[in-house]
Amino acid sequence: MIVAINKNIPKNELKKLIDHFSEEKIYTNFSYGENYDLIVLLGDLSLIDEKVILANPWVENVQRVGEPYKLASRIYHPEDTTVSVKHIKIGKNAPLQMIAGPCSVEDENVMNEIALRLKNSSTKILRGGAFKPRTSPYSFQGLKEEGVKRLQSVATRNDLISVSEVVDTSILPLFIDSVDILQIGARNMQNFELLKAVGKTNKPVILKRGMSSTIEEWLMSAEYILSSGNPNVILCERGIRTFENSTRSTLDLSAVAVLREKTHLPIIVDPSHATGNWKYVSAMALAAVAAGADGIMLEIHPNPEKAWSDGQQSLRIDRYEDLVKQCKAVASALGRITYED
Ligand code: PEP
Ligand code: MN
């Protein structure tokens, strides 16, 4: 970090500033400049807030050179993290994982049909929302507790891993007991109390990208979970809001490449919420595998016209089965381990 200091700073004020950094175990390197003098700060700067330094009236500017997150950073943790959930692994050095299911947990028959078809298409993880964060209060809000329990019983019966979105700290105990992977949705990416609460559990967490969040903000949210003690974070790119309106969001596939450089955490992509249209889902899923995603999460349904939510972006199961084969082929072509049949 580089701190530009007003050249008229009195000696005692400069000493106070440098002493303050030393107390924080930060090394300082002072140099005289033409317009400003400079203090270069070296050491672990993850706990240093540039805005606090900027509050000093003698400080003209503060420039951070490195990233503000530490535990999520590849610099401090060069090896790729693999997240384990029961017998399943997710990460760069694990098989490509497909995660599929309806947008919302639905009735028993639909859930059973989906689960059976997943098992036949080497998919190990079943998704389904029980508490739905809907834009309209009049839209279906999810089966709530009953939905969480149904998802888990269908998953367990079919030897699948379950994933469902936890929308609030008050329902976290229910999820801890009943769900294998917690999902933090796009709308909650910066719900810091929720992030800290899931960080105090040891459940794997899929952290979706906020629809208007930068990659740095997203990694800072991951840092909340990691710094609360939970190392099992999986990042999920699900599209961001741009001026383009022919798709529901704009899938930012470059995020996969950027994240791969900046973080050791597993990366998955959700082409369903990104495109909002089943016709575009397969192409984007394949592109995500080609970009290096460790997993693909998507919405599927035996009868999308009858889906309780997001039918327009849900792939029919036969189309999903074809897509799984294609994803596997792309992954193998890239030398990635694919999931076993
Ligand atoms: C979901 O996956 O069910 C969901 C609501 O997605 P997002 O949070 O990405 O909108
Ligand atoms: Mn949905």
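The notes below deal with the structure included here. (Residues numbered from 1 in each chain as written. Chains lettered and ligands numbered in written order. Predicted model: local features only at pLDDT ≥ 70, side-chain atom pairs only at ≥ 80, totals over all residues. Heavy atoms only, no water.)

Here we come to helix α8 (residues 254-262). Within α8 the residues assigned to the buried category are Ala255, Val256, Leu259 and Arg260. Across the axial projection of α8, the buried residues extend over an arc of 135°, all falling on one side. Buried-residue contacts for α8 involve α7 (215-227), β12 (233-237), β13 (267-269) and α10 (278-291). (Buried < 20%, exposed > 50% of the residue type's maximum accessible area, 1.4 Å probe, protein only. Helix = DSSP H or I, 4+ residues; strand = E, 2+ residues; numbered from the N terminus. Arc of directions from axis to C-beta. Contact = heavy atoms within 4.5 Å.)

With that out of the way, let us pick up a nonpolar patch on the surface. Residues Ile2, Tyr36, Leu38 and Val65 make up a contiguous nonpolar surface patch of about 340 Å² in total accessible area. Mapped onto the elements, Tyr36 comes out in strand β3 (residues 36-42). (Patch = residues over 30% accessible without salt bridge, like charges linked within 9 Å, V, L, I, M, F, W, Y side chains within 5 Å. Areas by Shrake-Rupley, 256 points an atom, 1.4 Å probe, with all protein chains shown as cover. Salt bridge = Lys/Arg side-chain N within 4 Å of Asp/Glu carboxyl O.)

Glancing now at the pattern of salt bridges. Applying the stated rule across the entire model yields 23 salt bridges. The salt bridge partner of Lys86 is Asp180, with a shortest N-O separation of 3.1 Å. Placement of Lys86 in the loop between β5 (83-85) and β6 (88-90) and of Asp180 in the loop between α5 (172-178) and β10 (181-184) is noted, with a sequence separation of 94 residues between them. As a salt-bridge pair, Arg150 and Glu108 come within 3.6 Å of each other at their nearest N and O atoms.

Bringing the packing of aromatic side chains into the picture now. In the structure shown here, the tally under the stated rule is four aromatic pairs. Ring geometry for Phe140 versus Trp308: centroids 5.5 Å apart, planes at 85°, classification edge-to-face. With a gap of 168 residues between them, Phe140 in the loop between β8 (125-127) and α4 (144-157) and Trp308 in the loop between β14 (295-301) and β15 (315-316) connect regions that are remote in the sequence. Residue Phe140 is classed as partly exposed on the basis of its relative accessible area of 28%. When its relative accessible area of 34% is taken as the criterion, Trp308 is described as partly exposed. With a centroid separation of 4.6 Å and an interplanar angle of 25°, the aromatic rings of Phe192 and Tyr224 are classed as stacked. Here Phe192 is found in helix α6 (residues 192-199), whereas its partner Tyr224 is found in helix α7, with 32 residues between them in sequence. Across from the ring centre of Tyr76, 5.3 Å away, lies the NZ or CZ of Lys70, which sits over that ring. (Phe/Tyr/Trp six-rings, centres within 6.5 Å; stacked < 30°, edge-to-face > 60°. Lys NZ or Arg CZ within 6 Å of the ring centre and 35° of its normal.)

Around ligand 1 sit Arg127, Lys132, Glu165, Gln183, Gly185, Ala186, Arg187, Lys208, Arg238 and His273, and that is every residue in its neighbourhood. Taking Lys132, its side chain carries an N or O atom lying 3.1 Å from an oxygen atom of ligand 1. A total of 290 Å² of accessible area belongs to ligand 1 in isolation, and the protein chains cover 97% of it. A per-class count over the shell around ligand 1 returns one nonpolar, three polar and six charged. (Near = heavy atom within 4 Å. Polar contact = N/O pair within 3.5 Å; in protein donor to acceptor, adjacent residues only side chain to side chain. Nonpolar A, V, L, I, M, F, W, Y, C, P; charged D, E, K, R; others polar.)

Right, let's talk about the side chain of Asn188 for a bit. Mapped onto the elements, Asn188 comes out in the loop between β10 and α6. A relative accessible area of 13% means that Asn188 is categorised as buried. A distance of 3.3 Å separates a polar atom in the side chain of Asn188 from the backbone oxygen of Val167. With residues up to four places along the chain from it excluded, the contact list for Asn188 reads Glu165, Val166, Val167 and Leu194.

Moving on, we get to the nonpolar core. In terms of nonpolar packing, the biggest core is built from 68 residues, with Leu207 and Leu298 touching the most fellow members. When residues no more than four places from it in sequence are discounted, the contact partners of Leu207 are Ile184, Met189, Leu195, Trp218, Ser221, Ala222, Ile225, Val233, Ile234, Leu235 and Cys236. Core analysis: the next-biggest nonpolar cluster, separate from the first, contains 15 residues, Ile9, Leu17, Ile26 and Ile39 among them. (Core = buried A, V, L, I, M, F, W, Y, C linked by side-chain atoms within 4.5 Å.)

Geometrically, a packed helix pair is captured by the angle between its two axes and the distance between the axes. Running from N to C, α6 and α7 point in directions that differ by 40°, and their axes come no closer than 7 Å. Here α6 lies oblique to α7, going by the angle between them. With respect to the hand of their crossing, α6 and α7 are arranged in right-handed fashion. Across the interface between the two elements, Phe192, Leu195, Lys196, Val198 and Gly199 of α6 pack against Ser221, Tyr224 and Ile225 of α7. (Axes fitted to C-alpha atoms, helices over the stretch in contact; angles between N-to-C directions. Parallel < 35°, antiparallel > 145°, perpendicular 65-115°, else oblique. Left-handed = near helix turned anticlockwise from the far one by under 90°.)

Reading across the sheet, the four strands line up as β2-β3-β1-β4 and stay open at both edges, with antiparallel pairing between neighbours. In this open sheet, the two edge strands, each paired with only one partner strand, are β2 (27-31) and β4 (59-63). Neighbouring strand axes in the sheet, compared pairwise and without regard to direction, differ in orientation by 20° on average. Two strands pair when backbone bridges link them, and strand β1 (residues 2-6) and β4 are joined in this way by four bridges, in the antiparallel orientation. Bridging from a neighbouring strand, Val3 pairs with Val62 of β4. Here helix α1 (residues 11-23) sits on the sheet in contact with β1, β2, β3 and β4, set at roughly 15° to β3. (Pairing = 2+ DSSP bridges.)

Counting through the fold element by element, Asp270 comes out in the loop between β13 and α9 (271-275). The class for Asp270 is buried, based on a relative accessible area of 1%. One polar contact links Asp270 to His273, side chain to side chain, over a distance of 2.7 Å. With residues up to four places along the chain from it excluded, the contact list for Asp270 reads Lys208, Cys236, Glu237, Arg238 and Met297.

Moving on, we get to the state of the cysteines. Applying the stated criterion across every chain, the model contains zero disulfides. Unpaired in this structure, Cys236 has its nearest cysteine sulfur neighbour in Cys103, at a distance of 13 Å. Just so you know, Cys327 is unpaired, no disulfide at all, and the nearest cysteine sulfur is the one on Cys236, 14 Å from it. Here Cys327 falls in the buried class, since its relative accessible area comes to 0%. (Disulfide = S-S within 2.5 Å.)

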